[in-house]
Structure formats: structure tokens, C-alpha cells
Amino acid sequence: MASSETVCCICALFFGGIFCTLIWTATAKHTFQIDYENNCFKKDGESFRYISGSIHYSRVPRYYWKDRILKMYMLGLNAVHTYVPWNFHEVMPKKFVFDGDRDLEHFLQLANDSGLLVILRPGPYICAEWDMGSLPAWILKKDSVVLRSSDPDYLAAVDQWMNVLLPKIRPLLYNNGGPIISVQVENEYGSYFACDHDYLRHLVKLFRYHLGDEVVLFSTDGSSLHNVQCGTVDGLYAAVDFGPTEDITKCFEVQRHFEPKGPLINSELYTGWLDHWGEKHQVVATSVITRALDTVLGLGANVNMYMFIGGTNFGYWNGANTPYAAQPTSYDYDAPLSEAGDLTVKYFAIREVIRKYKKVPDGPIPPSVPKFAYGPVPLKRQHILSEMLDVLCPSGPVKSVYPLNFVQLNQYFGFVLYRTLLPKDCSSPTSLSSPLNGVHDRAYITVDGVPQGVLERDKMLSINITGKSGATLDILVENQGRVNFGKYINDFKGLVTNLTLGKDLLTGWTMYPLRIDDAVGQGLKEKSHKSFLSSTSSTFSAPAFYIGSFDIPSGIPDLPQDTFINFPGWTKGQIWINGFNLGRYWPARGPQITLYVPRHILSTSAPNNITVLELEKSPCDVKPCVVEFVDTPVLNATVSNIFPGRKLLAGGH
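These numbers come from a predicted model, not from an experiment. (Residues numbered from 1 in each chain as written. Predicted model: local features only at pLDDT ≥ 70, side-chain atom pairs only at ≥ 80, totals over all residues. Heavy atoms only, no water.)

Asker: Let's hear about the overall build of the protein chain: which residues, and what values?
Answerer: From N to C terminus, the protein chain includes eleven helices and 38 strands. A globule of 653 residues ought to have a C-alpha radius of gyration of about 26 Å, and the protein chain, at 27 Å, matches this closely. Viewed in the frame of its principal axes, the protein chain has a C-alpha envelope of about 100 × 60 × 60 Å. When each of the 653 residues of the protein chain is scored for burial, the buried share is 59%. Look at the contacts in the protein chain between residues 6 or more apart in sequence, and 78% of them connect residues 24 or more apart. For the protein chain, the accessible area works out to roughly 25200 Å², and carbon and sulfur atoms hold 54% of it. Averaged over its 58 positive side-chain charges, the protein chain has a centre that lies 2 Å from the centre of its 63 negative ones. (Helix = DSSP H or I, 4+ residues; strand = E, 2+ residues; numbered from the N terminus. Rg over C-alpha atoms; globule rule 2.2 N^0.38 Å. Buried < 20%, exposed > 50% of the residue type's maximum accessible area, 1.4 Å probe, protein only. Contact = heavy atoms within 4.5 Å. Areas by Shrake-Rupley, 256 points an atom, 1.4 Å probe, with all protein chains shown as cover. Lys, Arg positive; Asp, Glu negative; His and termini not counted. Charge placed at Lys NZ, Arg CZ, Asp CG, Glu CD.)

Asker: With reference to specific residues and values, describe the pattern of salt bridges.
Answerer: The final tally for this structure, using the stated rule, is 29 salt bridges. One network of salt bridges, with partners in common, ties together Arg442, Glu456, Lys459, Arg589 and Glu616. (Salt bridge = Lys/Arg side-chain N within 4 Å of Asp/Glu carboxyl O.)

Asker: Summarise helix 5 (residues 197–211); cite the residues concerned and give the values.
Answerer: For an α-helix, the turn length of 3.6 residues means that residues three or four places apart are oriented alike. Taking 1.5 Å per residue as the helical rise, helix 5 with its 15 residues ought to reach 21 Å, and the 21 Å between its terminal C-alpha atoms agrees with that figure. Among the residues making up helix 5, those that are buried are His197, Tyr199, Leu200, Leu203, Val204, Leu206, Phe207, His210 and Leu211. The distance from a side-chain oxygen at the start of helix 5 to the backbone nitrogen of Asp198 is 3.1 Å, and the residue carrying that oxygen is Asp196. After helix 5 finishes, the residue Gly212 shows a positive phi value of roughly 90°. (Expected span 1.5 Å × (residues − 1). Polar contact = N/O pair within 3.5 Å; in protein donor to acceptor, adjacent residues only side chain to side chain.)

Asker: Outline unusual backbone geometry, listing residues and values.
Answerer: Backbone torsion omega between Tyr306 and Met307 reads -10°, so that peptide bond is classified as cis. Along the chain, the position of Met307 falls in strand 15 (residues 302–309). Between Gly590 and Pro591 the backbone carries a cis peptide bond, its omega angle lying at 5°. Relative to the helices and strands, Pro591 is located in the loop between strand 35 (580–585) and strand 36 (595–597). Located in the positive-phi region is Tyr333, a residue other than glycine, with phi close to 65°. Within the fold, Tyr333 resides in the loop between strand 17 (325–326) and helix 9 (345–355). The class of Tyr333 is buried, set by a relative accessible area of 2%. Unlike most non-glycine residues, Asn578 shows phi in positive territory, near 50°. Tracing the backbone shows Asn578 in the loop between strand 34 (573–577) and strand 35.

Asker: For the nonpolar core, give the residues involved together with the corresponding values.
Answerer: Formed by 143 residues in total, the largest nonpolar core has its most connected members in Leu147, Tyr154 and Ile610. Residue contributions to this core peak at nine residues, all from helix 4 (residues 152–169). For Tyr154, the contacting residues outside a window of four places in its chain are Trp86, Pro124, Leu135, Ile139, Val145, Val146, Leu147, Arg148, Ser149 and Tyr199. With 25 residues, the next largest nonpolar core counts Cys426, Val439, Val447 and Leu455 among its residues. (Core = buried A, V, L, I, M, F, W, Y, C linked by side-chain atoms within 4.5 Å.)

Asker: How would you sum up the state of the cysteines? Please name residues and give values.
Answerer: A complete count under the given rule lists two disulfides for this structure. Two residues share a disulfide in this structure: Cys620 and Cys625, whose sulfurs sit 2.0 Å from each other. Between Cys620 and Cys625 the disulfide shows an S-S torsion of about 55°. By sign, it is right-handed. Owing to a relative accessible area of 14%, Cys625 belongs among the buried residues under this scheme. (Disulfide = S-S within 2.5 Å.)

Asker: I'd like a rundown of the layout of surface pockets, residues and numbers included.
Answerer: In this model, the largest pocket occupies a volume close to 980 Å³. If you go around the largest pocket, you meet 35 residues; those closest to its centre are Arg102, Tyr316, Trp317, Phe413 and Asp517. When residues of the lining of the largest pocket are traced back to their parent elements, those giving at least two are helix 2 (86–89), strand 8 (90–92), helix 11 (516–522) and strand 35. Of the residues belonging to the lining of the largest pocket, the class tally is 18 nonpolar, nine polar and eight charged. (1 Å grid on protein atoms, 1.4 Å probe; cavity = no way out; pocket = protein on both sides within 12 Å on 5 of 7 lines; lining within 4 Å. Points joined across faces, edges and corners; volume = space filled by probe spheres on them. Nonpolar A, V, L, I, M, F, W, Y, C, P; charged D, E, K, R; others polar.)

Asker: Could you give me a rundown of the pairing of strand 25 (residues 450–456), with the residues and numbers involved?
Answerer: Counting buried residues in strand 25 gives six out of seven residues, a clear majority hidden from the surface. Direction of pairing for strand 24 (residues 442–447) relative to strand 25: antiparallel, over a ladder of six bridges. Bridge assignment links Tyr444 to a residue of strand 25, and that residue is Val454. Here strand 24 hands over to strand 25 after two residues, with Asp448 in that stretch at a positive phi of 50°. (Pairing = 2+ DSSP bridges.)

Asker: Break down the sheet that holds strand 27 (residues 472–478) for me, with residues and values.
Answerer: Read across the open sheet, the six strands follow the order 20-31-21-27-24-25; overall the sheet is antiparallel. Among the strands making up the open sheet, the edge pair consists of strand 20 (398–400) and strand 25. In this sheet, adjacent strand axes meet at a mean angle of 20° when their direction is disregarded. Strand direction decides the pairing type here: strand 21 (residues 415–421) and strand 31 (residues 509–513), joined by four bridges, are antiparallel. (Axes fitted to C-alpha atoms, helices over the stretch in contact; angles between N-to-C directions.)

Asker: Which residues make up the sheet that holds strand 26 (residues 462–467), and what values go with them?
Answerer: One open sheet holds the four strands; their spatial order is 26-22-29-30, and the pairing between them is antiparallel. Every interior strand has two partners, whereas the edge strands, strand 26 and strand 30 (504–505), have only one. In terms of strand pairing, strand 22 (residues 426–433) meets strand 29 (residues 500–501) through two bridges, oriented antiparallel. Residue pairing in the sheet places Leu432 in a bridge with Leu501 of strand 29.

Asker: Explain the packing of aromatic side chains to me, using residue names and the numbers behind them.
Answerer: Counted by the stated rule, this structure contains 41 aromatic pairs. The interplanar angle of 15° and the centroid separation of 4.9 Å between the aromatic rings of Trp130 and Trp317 together place this pair among those described as stacked. On the criterion of sequence distance, the pair formed by Trp130 in the loop between strand 10 (117–121) and helix 4 and Trp317 in the loop between strand 15 and strand 16 (320–321) is long-range, its members being 187 residues apart. Look at Trp130 and you get buried, because its relative accessible area is 1%. Ring-pair connections join several aromatic residues into one group, and the members of that group are Tyr57, Trp65, Phe88, Phe107, Trp130, Tyr316, Trp317 and Phe413. Between Arg68 and the ring centre of Tyr64, over which it is positioned, the NZ or CZ distance is 4.2 Å. (Phe/Tyr/Trp six-rings, centres within 6.5 Å; stacked < 30°, edge-to-face > 60°. Lys NZ or Arg CZ within 6 Å of the ring centre and 35° of its normal.)

This is a description of form; function is not addressed.
Given below as C-alpha cells:
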């Protein structure tokens, strides 16, 4: 962006000498504002309409930011939308991370360098199918806190975060020479039960304090009168969002009810939709998207396509909806750019629509990134998880009469092992139950190391177990992702209520918060262990680690390349490559079968180490114990719907 000031040097011959002075002369300053008279934006004094696409830098490796941004530019977009996930940056109270894949300022500068403007959505809540809508779980330390409200404890945490984030944003505003033309306050707040306008006013005041009076602040809500009524206040320009099959005219009529003048805006025109484990992969026909986009642009409206590239929920970052249904590792979204950044038919069809309304850039479009099938990699069963507690829980266990939840144990992601002793003889099958649906989210049960089965939130609340009095009952609880939308985003994890054995309440718990990522990063070493106990069930085995490695082939140019990893015969678990947490796999439930592996985590100079934590059943006793690298993703495997007759509350769209 051009500087807003110019330095002139004026010299003169005066009294026999040359005297020079520096004079600062103002040039035209960058401006971006709402033109209410002409129902549009005005950029540097000229009418302006943005055609934008959503990209979440938190779901795309930094290595590929430039590639994805350039593909968006070459399609004909002039702006990008991106969220700022609070919990991605403030990982613990006052512990902020803004480097590597979390370098927000670098991402914004790349957009600027590529000729794209930015509509920034810094929350504090973002939804986005992201864990707890990006609200950090440590806020739940006070379990009575009312999220997204004027609750003083919540506002104190918000202020602490925004006092760090917003000063980083101010230099990147358009009127300061950066790419950010507008900033969203909160997100679809009208879909939340609180409807607390004092909270929104607090945010507006906070944003204005840090960002100044010139930046355009706006709200976004689903296109109903109630949603917008609760979701906006004075000082925010009200935008709406809606899908491609809705009545576009009626949706914009809702916006016009609150904004009689000014630009029409659809902040989220959905190019696809989100998936859940156990449901079919969602797709939206290209013709449906292009027809809706053509209509929106024909009305002169501003539009953002959500998503333009979905990306990946690496690690544990996926969210969930209610009744409880977690989203998978892939956030492909059936978007114009695939999860791996590949060009699609939808991409080129959208480009042709945009070409009707503006010039698209000349020159070649960056091609899809090559993929390589490295083939099968043998794995070896290395450790039963319950025998590694000294390594996985170096700080030692916590004891309590009743079970503590993850937040009480300072464990915000991953796994906790809960251990107690059977208080009575269970030679005959005896019911182990969570009568108040208190397993959040999935629990893997063993007695003296013998697998018994699985308890699962909203689905399996009781199983029969056997064992002698005094036997060790281990319950490994997995946090599968916090609810990201709706009233129940204060989603506590672990054993959040008591369990019963028959009619007896289980007490006397020893709890191990597991630092698995740290242990994997340091390398799980060989150690002596007891022989593996097989299950009397053909369905379950004890949670265990499996380890292997592979080399990148030599003699083939341009390796490593991106790839996808397949899990033939495996059931459910977590996988790391070279210590990088790729995410969750669950081919037994689907629809996602393969996981995306970006090339930058692979090494050509040393073996690539694979660590798999299989939670239920591996193929290793009956068939080859391998994972397989393939060059084509599988996201749409046939699944039997595990939610018959249920309507999920998903995204407030």
C-alpha cells in the first residue's frame, strides 16, 4: 500500500550558503467507509464491492498459505475472510503464541502482498466448527461463568485477550496502509440464547478503543429478524449470512429491515457443508453454488464464499454439535479448493461467474500440488498405554474421592486415564453405567488390562463388565472436541458426573492427565512390558501405541510431496508423523477414511517416524500391521447413520 505522506527536500541559496528543509506533504490517505447514499462501500473515494472467500490460516499450514492465497486471487477474488481463533493463540492464560503456523500478522501481510484485502473476524467467539468456537477451555475454571455475556469473569478474559490482539491489528488496517477493510465483532450472536446487548456494546467500545473510529465494524447473523435483532447494536453495520438454496431476496430484506441504506452483504454464502463422524460426506452441487452467486452479484451485493478452502483440523482442534456429534479431522467442506488445496470443477465454474462482473487476473493459475503414494509402512505394537503412565503423566496422578473433569485437572485436550478398584466381585456381567450421561466424550474400559468395551456420550451409557473384587478398573476418556455452537458451548470434558457399578457409586479415583503429544515428540522408547493381554471380545483390545518409519524414495525428483494416509483394518485413534499431530482417524465410523499429510512435515534426510495410538482394535493380530500412504483422499466412505431421526444443531446458519 502507498504511504500516506511524502517527504520533500527544498533547498535554496541564501546568504551565501545552501539551506535545506524537509517538508512533509500529505497525499491522499487510504479510506474505506460505508456509502449510505449509494448503497455500497467506498474505497479511496470510489464505489467498491468485495467478492471474497473464507480461508482459516489455523487450518492451512503456513507452508501453503501463499499457494492458497494466490489461487484465490487468480480466481478473481479481491478479498479474503479469516477468523482469529482465540484458543489457538492464548493457549494458557497470558501465554500467547503468534509464531509458526500461528503467525497471524505474516498471513495478513501475504494477503496484502498478493493484492487481496481482508475482512477480519477476531471473535472473541467464532463458531467455525472449531473447538468451543475458539473460546479457551481454561475460562471454564470458574464453572458458573456465562460465556458470551456481560459476566465479569468472561469479560475480564476477553479484555485480556483483545488488549493483546487488537494492537497487532491496528497497523494492518486499510486506513493505516494495511489490507484490513472491515472487522467483525462477535459472530452470529443472535443465534445464542443470551441476547446480551450490553456485552456487544462492551465489545464495540473495546474495538473502537484499540482500532479507532474509522474502521468499519460489522456484525453477521443468520437471516431472520430475531437473529439480527439479538446479534447487532448501534455502532455495528448489520450483515447477514445464508445458504445457496435460500430465498435470496427475502434474506436481504431482513438485512434491509435493520440497514435501510448501505451495502448488501452476505458474509457466508455456503459453498458446501460440514461433516460429522458417522454421517455421510456433505456435498453441494456446483450448479447450485454458481446460480446463487450469480444472483447475489447481480443484485450488486458484497459476498463472501464460506468456505473457499476448508483445510484440516490438525491435532485436537475440531469442534462438535448437539446432540453430541464431533466433526472429523478433514474440514474439506466440498469447497472450491479441496482440503489439500487442489483446484476443482467448482473453482473454475465460480471463476466464470465472477468473470461476468469483473475482470479476473491474467496469467497461469497455480496448479494442484502433486501427490505421491509412498505405499504401505509396517508398524510394530510398542506399548500398552496403561503401562506408560510414568512417561505419559510425568507430573504424577491426582487423587480424589469423586472424578474430576479435564479443566479441574488442567488438561484441556486429549486424554485422561481414570483409575479405581472394583468394590465388589463381578464374576457375572455387571452394569458399568453413566446414568447422567457424564462421559464426555468417549471412554475405553479395561479391567486388569482386559478390554471390556466403550462408553460414549449420548449413545452408549452402560456396558457390562467382569472382574474380581479389587481388580483395577481403567477408564481412558477421550475429549473428542468441544461443542462449538449453541447454548451448550460450556462443554466440560472427562467424567463430568459419577459412574455406577450395579447399584454402587464408584469412588476413590486416581487420575492421570496424559501429555501424549510431549511424549511422542520426545520419542517413545523401547521398554520392557508385560505381555499383551488379548480380549475375550473380538471387537476391542487395550489402547496401545504402534510405531514404524519409512524413508522418502531417492532418485525421484521433487520429493517429498503431499500424500494421504490410509488405515486398513484399524478402528479409531490418533496419529503423529515426526511428532506432528495429524489428527484423529476413525474409518470404522467414517465418512473420512484417509488423513491429509502435507509435505512440509516429511523429511528426506532421516527416516519419517509414525506413531499410532489405536484406541479400540488394530489389525495386527489377524492381518498385516500396516498403514498405507496413497495419492487420493477418501472422505466419502459409505456409513450407516448413527443418528437416525436426530436433527443436529449445527452452525447458526
